[in-house]
Amino acid sequence: MAASMPAMLEVEVAFALPERQRIIPLAVPEGTTPRQAVVMAGLEEAFPELPPATFREADLGIFGRRLRDPDAERLRAGDRVEVYRPLQLDPKVARSERAARAKR
């Protein structure tokens, strides 16, 4: 008796820079993690100007909800995995700089 193939799930992987974004539709096997889906999406080829570590080490979310452990969570059909870019400026520093400018 042949082993049955795992069910396939339709998901999306999304990444954006200020000037452009990509949403990549994927069919992944049931049991795929968000981190695995990011690898399957091939974002390194879509954004060659960024170092590959950008995608391997990024925080991930699903529909705006940050994932605590993207290597353990399992995707569900219709999920959109979002790859978050690191902050360019610490929010506390930005706030204090705005406050200092406002005092002038």
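Scroll up to find the structure.
The paragraphs below set out a description of the structure included in this document. (Residues numbered from 1 in each chain as written. Predicted model: local features only at pLDDT ≥ 70, side-chain atom pairs only at ≥ 80, totals over all residues. Heavy atoms only, no water.)

Focus: the pattern of salt bridges
Part 1: Here the structure, examined in full by the defined rule, presents 5 salt bridges.
Part 2: Its salt-bridge partner being Arg35, residue Asp71 comes within 3.5 Å of it at the nearest N-O pair. In this pair, Asp71 sits in the loop between β4 (65-66) and β5 (80-83) while Arg35 sits in helix α1 (residues 34-41), placing the two residues 36 residues apart along the sequence.
Part 3: A residue is classified by how much of its surface remains accessible, and Asp71, at 48% relative accessible area, is partly exposed.
Part 4: Its salt-bridge partner being Glu82, residue Arg80 comes within 2.5 Å of it at the nearest N-O pair. (Salt bridge = Lys/Arg side-chain N within 4 Å of Asp/Glu carboxyl O. Helix = DSSP H or I, 4+ residues; strand = E, 2+ residues; numbered from the N terminus. Buried < 20%, exposed > 50% of the residue type's maximum accessible area, 1.4 Å probe, protein only.)

Regarding the nonpolar core
Part 1: One finds Val13, Leu26, Val38, Leu43 and Val83 to be the most contacted residues of the largest nonpolar core, which totals 22 residues.
Part 2: Sorting the residues of this core by element identifies β1 (8-17), β2 (20-29), α1, α2 (43-46), β3 (60-62) and β5 as the ones contributing at least two each.
Part 3: At 5 residues, β1 tops the list of elements feeding residues into this core.
Part 4: When residues no more than four places from it in sequence are discounted, the contact partners of Val83 are Val13, Ala14, Phe15, Val38, Leu43, Phe55, Ala58, Asp59 and Leu60. (Core = buried A, V, L, I, M, F, W, Y, C linked by side-chain atoms within 4.5 Å. Contact = heavy atoms within 4.5 Å.)

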